[in-house]
Amino acid sequence: MKRVIIAGSGNAALCAGIAAIEQGASVVLLEKADEAMAGGNTKYTAGAMRFAYSSGDDLMPLLKDPDDPKLSLTDFGSYTQEKFAADLLGFNAGRPLSEEQKALVKDSYETVKWLASHEVKFQPIYARQSFEKEGRHVFWGGLTLASDNEGVGLFDQELAAFKRLGGEIRYDCAVTQLLSKEGVITGVQTSSGETLRADAVILACGGFEASESLRQKHIGPNWDKAKVRGTPHNTGDGLVMARAQGAAEYGLYAGCHATPMDLYMKNFGNLDLPPGERKKYRKICYFLGVMLNARGERFVDEGINFRNYTYAQFGAAIMDQPEHFAWQIFDAKVFDLLYDEYRFHDAHFVQADTLPELIALLDGVDKDAAAQTLEAYNAAVRSDVPFDPTVLDGKGTQGLTLAKSNWAQTLSRGPFRAYPVTGGITFTYGGLKVDDTGAVLAKNGAPIAGLFACGELVGGVFFNGYPGGSGLTSGAVFGRRSGMGAAS
Ligand SMILES: Cc1cc2nc3c(=O)[nH]c(=O)nc-3n(C[C@H](O)[C@H](O)[C@H](O)COP(=O)(O)OP(=O)(O)OC[C@H]3O[C@@H](n4cnc5c(N)ncnc54)[C@H](O)[C@@H]3O)c2cc1C
C-alpha cells in the first residue's frame, strides 16, 4: 500500500486525501495549525463553488434538500462549459485559456458530483445569487450552490468523508522540509522534528498571502499593509520547499484575489465569529454607489460588470490608491439592496442627511474634489434607462472620463452613507507548474518524482481576476487529480 503525506487540511488537501484513499493509498494529513484553525482558507469561505451545468436537473444530485418546495419556484438557468471558459478568459488580459483553466472547466461538474457522492452536500445561494422576479427566484451569474453551512460545513463534510475512508490527520504539525534521495521525494521533516517517510508527498498548504515579505516581493511594496482575509498560516511554505527541490515557478506571481474590506477589520480573518458573520467585514456593494479615493476621485467603473466579476480585482485597485483606502458612498434609495455585511454590528460608516454634510465626514479625503466628483457624477447619470440590479441594465453615466456603466443612480435621496474600505487579500495566483497527474514539474519540465501539488499552490489557474466560486472548485479539481496521481 502506498503511503501518501499531504501538507495542509483545506479543501484541496481533503479532496486529494479522499481521492488517494479511493485509489488504495494510506494517507496522513499534516496540518500546521491547531485543530480549531485547521482547514485553512477553506473554512473562511462561503463555500460557494462554480461549475458548469446544463440545467437545474444537474443540480439535484448535489443538494442537501432536493425536496425543498422552493425549488419548483427557482430558475437556475444553465452555465455551460463555454460560458465558464469565457468567464475565465475575461480575466486573462489577452492570454489564451491555460491548460489548467481548461481542466478546471472540463472537470468542474464531475468533481462536485464526486464530492456529493461522498456526502458533501450543497444548498442554493438564494440570498446573494438570486433575485425575485414575478414570484420566482432567478439565479444570475452562473454561481448557484454553496456547501451546507458555508466553508466550515464544507471542511466538516470533507473531513468526515476523509476519516470515514480511514484517513488520518495530525494538527500542530507543519511540514518544514521535503526529503529527497537522488531526485526522488522520500518524505518530510515536520515542525516537531519528526522525519516521516512517504512514497509521495502532496503540497496542499496554500499560497503566500499571509506572508508580508513574499507579498512585498511578488505583488508590490505596499502589500505589507493589506489585510489578510483568511488564515495567518498560508505563508508560502509549500512554494519555498518545492523551489528548494528545483520546482519551477509558474503563473502570475504579481496577481492575487483581493476584495474591498472594512478599513477597521483585524489584520486576519475572523474564525471566532459565528458562521454567517465571518465574511461580514467584506464590503462589495460598490456597484450600487460610487467609490472615492483620498484625492476625492473615482478610480474604477463600479458598474462595469456583475460584482462577482469585479470584487476580486477591486481590492487591488484600492491598494493602488493613495494611503490604500477608499470610501463607498450610497444614498437611501439603495440601503435596502445593500448586503447584510453593511448592517453588520461592527460595520464602520458615517451617515448624514445631505451630501455636503456627508462629504465633510469623509476622513482623509480632499473635500472640494469629492464634492466636484459627486456633482459631476450626479449630472452624468442617464435618467432615460430604468434601474434593474438583476441584469446589466445599461443605466450608466454619459460624458464622464471614467464611466459607471450599469446601475448608476443619482446620489440624491437622504440620508447618505459612506463606508471606509481597504484591500484585503484572499489568496495569491502564482504557484507551481503541475502536469495532468498533479505532479510538480522542475525547471527542466520533468516531473519531480514523488512530489505533487494542488489548491492555491497550482499556478496558471487565475491571472487578472476570477469569477467568484472558482477557487474551491479549482482546489477540488486539482486536489482530486493530485490524490489519484500520488496514489498511482
Ligand atoms: C475569506 C475568504 C472567502 C473565500 N470565499 C470563497 C468562496 O466562497 N468560494 C471559493 O471558491 N473560494 C473562496 N475563497 C478562496 C478559497 O478559500 C481558496 O481558493 C481555497 O480554500 C484554497 O484551498 P486550499 O486547500 O488550497 O488552501 P487552504 O484551505 O488555505 O488550506 C491550506 C492549509 O495549509 C496549511 N499549511 C500552511 N503551511 C503549512 C505547512 N508548512 N505544513 C502543513 N500545513 C500547512 C494551512 O494552515 C491551511 O490549513 C475564499 C477565501 C477567503 C480567504
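My aim in this report is to walk through the structure given alongside it, one point at a time. (Residues numbered from 1 in each chain as written. Predicted model: local features only at pLDDT ≥ 70, side-chain atom pairs only at ≥ 80, totals over all residues. Heavy atoms only, no water.)

## Some remarks on the overall build of the chain
Looking only at helices and strands, the chain has 12 helices and 23 strands in total. The globule rule puts the C-alpha radius of gyration for 488 residues at 23 Å, and the 23 Å found for the chain is close to it. For the chain, the residues scored as buried account for 60% of the 488 residues in total. At a minimum sequence separation of 6, the contacts of the chain that also span at least 24 residues come to 73%. Surface summary for the chain: the accessible area is close to 18,300 Å², and the carbon and sulfur share equals 50%. Each charge sign in the chain was given a centre, from 48 positive and 58 negative side chains, and these centres are 3 Å apart. (Helix = DSSP H or I, 4+ residues; strand = E, 2+ residues; numbered from the N terminus. Rg over C-alpha atoms; globule rule 2.2 N^0.38 Å. Buried < 20%, exposed > 50% of the residue type's maximum accessible area, 1.4 Å probe, protein only. Contact = heavy atoms within 4.5 Å. Areas by Shrake-Rupley, 256 points an atom, 1.4 Å probe, with all protein chains shown as cover. Lys, Arg positive; Asp, Glu negative; His and termini not counted. Charge placed at Lys NZ, Arg CZ, Asp CG, Glu CD.)

## A look at the sheet that holds strand β3 (residues 48–49)
Read across the open sheet, the three strands follow the order β3-β8-β5; overall the sheet is antiparallel. Strand pairing shows two members of the sheet lacking a second neighbour, β3 and β5 (122–124), which therefore form its edges. By the bridge criterion, two bridges tie β3 to strand β8 (residues 145–147) in an arrangement that is antiparallel. Of the residues in β8, the one forming a bridge with Ala-48 is Ala-146. (Pairing = 2+ DSSP bridges.)

## Describing the packing of aromatic side chains
Each aromatic ring pair is characterised by the separation of its centres together with the angle its planes make. Evaluation of the coordinates by the stated rule reveals 24 aromatic pairs. Summarising the aromatic geometry, the rings of Phe-427 and Tyr-429 are spaced 5.7 Å apart at their centres and angled 70 degrees between planes, so their arrangement reads as edge-to-face. Exposure remark for Phe-427: the relative accessible area of 8% places this residue in the buried category. Feature note: the residues Phe-131, Trp-140, Tyr-286, Phe-287, Phe-306, Phe-314, Tyr-339 and Trp-407 constitute an aromatic cluster, connected by ring pairs. The ring of Tyr-126 is capped by Lys-70, whose NZ or CZ atom sits 3.8 Å from the centre of that ring. (Phe/Tyr/Trp six-rings, centres within 6.5 Å; stacked < 30°, edge-to-face > 60°. Lys NZ or Arg CZ within 6 Å of the ring centre and 35° of its normal.)

## Describing the pairing of strand β1 (residues 3–7)
Most of β1 sits inside the fold, with four of its five residues counted as buried. Pairing of β1 with strand β2 (residues 26–30), which is carried by five bridges, proceeds in the parallel orientation. Counterpart to Ile-6 in the pairing with β2 is Leu-29. Taken together, β1, helix α1 (residues 11–22) and β2 constitute a β-α-β crossover, and its handedness is right-handed. Here β1 pairs with strand β13 (residues 200–203) via four bridges, running parallel. By the bridge assignment for β13, Ile-6 is matched with Ile-202. (Right-handed = clockwise from strand over helix to strand, strands pointing away.)

## Digging into the side chain of Asn-406
Looking at where Asn-406 falls in the secondary structure, it is placed in the loop between α11 (367–380) and β20 (416–428). Reaching out from Asn-406, the side chain makes a polar contact with the backbone nitrogen of Gly-394 at a distance of 2.6 Å. Beyond its immediate sequence surroundings of up to four residues, Asn-406 is in contact with Phe-287, Gly-303, Ile-304, Leu-392, Asp-393, Gly-394, Lys-395 and Gly-396. (Polar contact = N/O pair within 3.5 Å; in protein donor to acceptor, adjacent residues only side chain to side chain.)

## So, the site of the ligand
The full set close to the ligand counts 37 residues, and Glu-31, Asn-41, Thr-42, Asn-234 and Leu-472 are the nearest of them. A distance of 2.8 Å is found between a nitrogen atom of the ligand and a side-chain nitrogen or oxygen belonging to Asp-237. A distance of 3.2 Å separates an oxygen atom of the ligand from a polar backbone atom of Gly-469. For the ligand, whose unbound accessible area comes to 1,000 Å², protein coverage reaches 98%. If you tally residues by element for the shell around the ligand, the top one is helix α12 (residues 470–487), at three residues. (Near = heavy atom within 4 Å.)

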